[in-house]
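Report on the structure
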Amino acid sequence: QDPFIAFHLDKTLVRKYMKPLLIGELAPDQPSFEPSKNKKLVEDFRELRAAVEKMGLLNPNLTFFMLYLCHILVLDVAAWLTIWYFGASTLPFLLSALLLGTVQAQAGWLQHDFGHLSVFSKSRWNHWVHKFVIGHLKGAPASWWNHLHFQHHAKPNCFRKDPDVNMHPLFFALGKPLSVELGVQKKKFMPYNHQHKYFFIIGPPALVPLYFQWYIFYFAVQRKQWVDLAWMLTFYIRFFLTYVPLLGVKGVLGLHLLVRFIESNWFVWITQMNHIPMHIDYDKNVDWFSTQLQATCNVHQSFFNDWFSGHLNFQIEHHLFPTMPRHNYWKVAPLVKSLCAKHGIEYQCKPLLTAFADIVHSLKDSGELWLDAYLHK
């Protein structure tokens, strides 16, 4: 019930589509609550959810999102004007790449808002604008993002259910229990005891340019997402038409690669700081609140941190209320904290640089656990 309520705006419409999936109903004398879940916590969270709705914290401020979109478009134009006015020498080229990298990162946070249906009151309006922001401003398919991201939200850090931890075990040993399991099974796809070092090579710099860049096209074609593919092509056509006259074909390819490199570093550090250092294991089927809190942590609030992370510094609140517009996270945070305190659940919040460092520390720790189990168990 809690994930269903968390993900959908129009519950009546979704229930209509779910009717064919109904396979039966529990008899009145059957227990309807699973023993692995904390009943009192579930009840308290549902009370909190009701209070959040009553306070209007799920109501978006459209001006906030329109201004956010405008600042992205201004940066995009500024990047082109930089090369047009100052020429294609090294400094203007690098400045333009930095501006475009910022555009890509910030458009990434904005498409995330539309994807989560947190901007408009109608689901389909969010879906339409989502296609424009992720397709035309970023060159990626909305269907790809939806397919992966909602699995992540339903079961964050649950191995084989959250696609965001699929780099275990091929590239990294993630989480203490899974790392020990790998070592006991004598599996070694990579030298995991060095993963905190090679993360800097195959993690932040490589994810977008070397993997996402080609996989998104494969995804769109394989799943016949022709509308998404058309939106994606408008990004590449616009990019090449506006920059080829200034830089030539080689220059444009170089610029595009550099922009993806900047975006990739920005994206990976921000998205992984909330999850990689947290508990990663198989799904234990605990309640919604506990599932989210054991897999997510926050980063301190500041104007810069809010902007730089697209408000994902409030990852806990975002995971509990995925459709909540991000400008309201700070309002619900104290209520979430008090619920955590009441039930003895840790609510982690740390400085930005500490959060980055914790990614590396957690990789080092799980790598050492793997090595110890590999050699001695």
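Residues numbered from 1 in each chain as written. Predicted model: local features only at pLDDT ≥ 70, side-chain atom pairs only at ≥ 80, totals over all residues. Heavy atoms only, no water.

Next up on the list: the overall build of the chain. Scanning the chain for helices and strands turns up 16 helices and two strands. In terms of overall size, the chain behaves like a compact globule, its C-alpha atoms giving a radius of gyration of 22 Å where 377 residues would be expected to give roughly 21 Å. Projected onto the principal axes, the alpha-carbon positions of the chain cover approximately 75 × 55 × 40 Å. Side chains of the chain carry 35 positive and 26 negative charges; the gap between the two charge centres is 5 Å. (Helix = DSSP H or I, 4+ residues; strand = E, 2+ residues; numbered from the N terminus. Rg over C-alpha atoms; globule rule 2.2 N^0.38 Å. Lys, Arg positive; Asp, Glu negative; His and termini not counted. Charge placed at Lys NZ, Arg CZ, Asp CG, Glu CD.)

When the UniProt feature table is mapped onto this chain, "domain: Fatty acid desaturase" (unreviewed entry) is found at residues 91-349. Helix makes up 65% of residues 91-349 and strand 1%, with an end-to-end C-alpha separation of 38 Å. (UniProt positions renumbered as here; feature names shortened; annotations may be inferred.)

Time to look at the pattern of salt bridges. Using the criterion set out here, one finds 15 salt bridges in the structure. A salt bridge links lysine 155 to aspartate 283; the nearest nitrogen and oxygen atoms lie 3.1 Å apart. Of this pair, lysine 155 sits in the loop between helix H7 (142-154) and helix H8 (176-184) while aspartate 283 sits in the loop between helix H11 (226-273) and helix H12 (288-295), and the two are 128 residues apart along the sequence. Linking aspartate 283 and lysine 161 is a salt bridge whose minimum nitrogen-to-oxygen distance equals 2.8 Å. In this pair, aspartate 283 sits in the loop between H11 and H12 while lysine 161 sits in the loop between H7 and H8, placing the two residues 122 residues apart along the sequence. (Salt bridge = Lys/Arg side-chain N within 4 Å of Asp/Glu carboxyl O.)

Here asparagine 305 is to be found in helix H13 (residues 303-308). Since its relative accessible area comes to 10%, asparagine 305 is described here as buried. Here histidine 300 takes part through its backbone oxygen, which lies 2.8 Å from a polar atom of the side chain of asparagine 305. Once residues within four sequence positions are removed from consideration, asparagine 305 is found in contact with Val299, His300, Asn313 and Leu352. (Buried < 20%, exposed > 50% of the residue type's maximum accessible area, 1.4 Å probe, protein only. Polar contact = N/O pair within 3.5 Å; in protein donor to acceptor, adjacent residues only side chain to side chain. Contact = heavy atoms within 4.5 Å.)

In this structure the tally under the stated criterion is 39 aromatic pairs. Relative to tryptophan 84, the ring of tryptophan 80 has its centre 5.9 Å away and its plane inclined at 15°; by these criteria the two rings are stacked. You can see tryptophan 80 and its partner tryptophan 84 sitting in helix H4 (residues 62-86), four residues apart, about one turn around the helix. Centre to centre, the rings of phenylalanine 235 and tyrosine 236 are 4.9 Å apart; their planes meet at 85°, and the pair counts as edge-to-face. In this pair, the class of phenylalanine 235 matches that of tyrosine 236, namely buried. An aromatic cluster is present here, built from Trp144, Tyr211, Phe212, Trp214, Tyr215, Tyr218, Phe219 and Phe267 joined pairwise through their rings. Taking NZ or CZ as reference, lysine 16 lies 5.7 Å from the ring centre of tyrosine 17, over its face. (Phe/Tyr/Trp six-rings, centres within 6.5 Å; stacked < 30°, edge-to-face > 60°. Lys NZ or Arg CZ within 6 Å of the ring centre and 35° of its normal.)

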